[in-house]
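Chain by chain, the residues run as shown.
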Amino acid sequence: MTEINDQASLSAWVREQFQRANKHLAEKGILFESVVTENSRYLAPHAAVWQIRAQDKKSYWVISGDLPADAVPIEAAGSAREAMKRFSYTWQMQAENIERSNTTDSVQLDFAKLLQKKAEMVYAISNEEKLWQDQV
């Protein structure tokens, strides 16, 4: 995990996470247009939640950081904090579905464990009141 102890390190981390978020969208066929920075949150070194507007004028919440990059339509959550809770819930459901599938694929089982662990981390961050005091 990247050590964030000065403004230069934070700026580099934010740039790296933005690139990961943008790459994730591109892999889904979504082309970036702009970021709504006032609604985005950077919780280094754990997670960045971006409100991104695509070229097709649709908007998305995108998460990146020390976790899998993911995206949901803006309608899925009213704020970055709610988006984090949505990602947490979605990942928990994905992990449970993998585990219930009776797969013996170790890659899938390891991914389910990762999703569960990161879902718990994201949920805990979303419940840290001091991180969200300036957001409704």
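Residues numbered from 1 in each chain as written. Predicted model: local features only at pLDDT ≥ 70, side-chain atom pairs only at ≥ 80, totals over all residues. Heavy atoms only, no water.

Peer 1: What exactly am I supposed to notice about the overall build of the chain here?
Peer 2: Secondary structure assignment for the chain yields three helices and five strands. The N-to-C order of helical and strand elements in the chain reads α-β-β-β-β-β-α-α. Expected size for 136 residues packed as a compact globule is a radius of gyration near 14 Å; at 15 Å, the chain falls within 12% of this value. Dimensions of the chain, computed from the C-alpha atoms along their principal axes, are close to 45 × 35 × 30 Å. In the chain, once contacts between residues fewer than 6 apart in sequence are set aside, the share between residues at least 24 apart is 49%. Surface summary for the chain: the accessible area is close to 7,900 Å², and the carbon and sulfur share equals 49%. (Helix = DSSP H or I, 4+ residues; strand = E, 2+ residues; numbered from the N terminus. Rg over C-alpha atoms; globule rule 2.2 N^0.38 Å. Contact = heavy atoms within 4.5 Å. Areas by Shrake-Rupley, 256 points an atom, 1.4 Å probe, with all protein chains shown as cover.)

Peer 1: Just checking my understanding: could you explain the nonpolar core for this structure?
Peer 2: The nonpolar side chains of a soluble globular protein tend to be buried, and buried together. Counting residues in each nonpolar core, the largest one holds 23 residues, and the members touching the most others are Trp61, Ile63, Met84 and Trp91. A total of seven residues in this core trace back to one element, the largest contributor, which is helix α2 (residues 80-100). If we skip the residues at most four places from it in the chain, Ile63 touches Ala47, Ala48, Val49, Pro68, Ala69, Asp70, Met84, Phe87, Trp91 and Val122. Trp13, Ala21, Leu25 and Ile52 belong to the second largest nonpolar core, which has twelve residues in total. (Core = buried A, V, L, I, M, F, W, Y, C linked by side-chain atoms within 4.5 Å. Buried < 20%, exposed > 50% of the residue type's maximum accessible area, 1.4 Å probe, protein only.)

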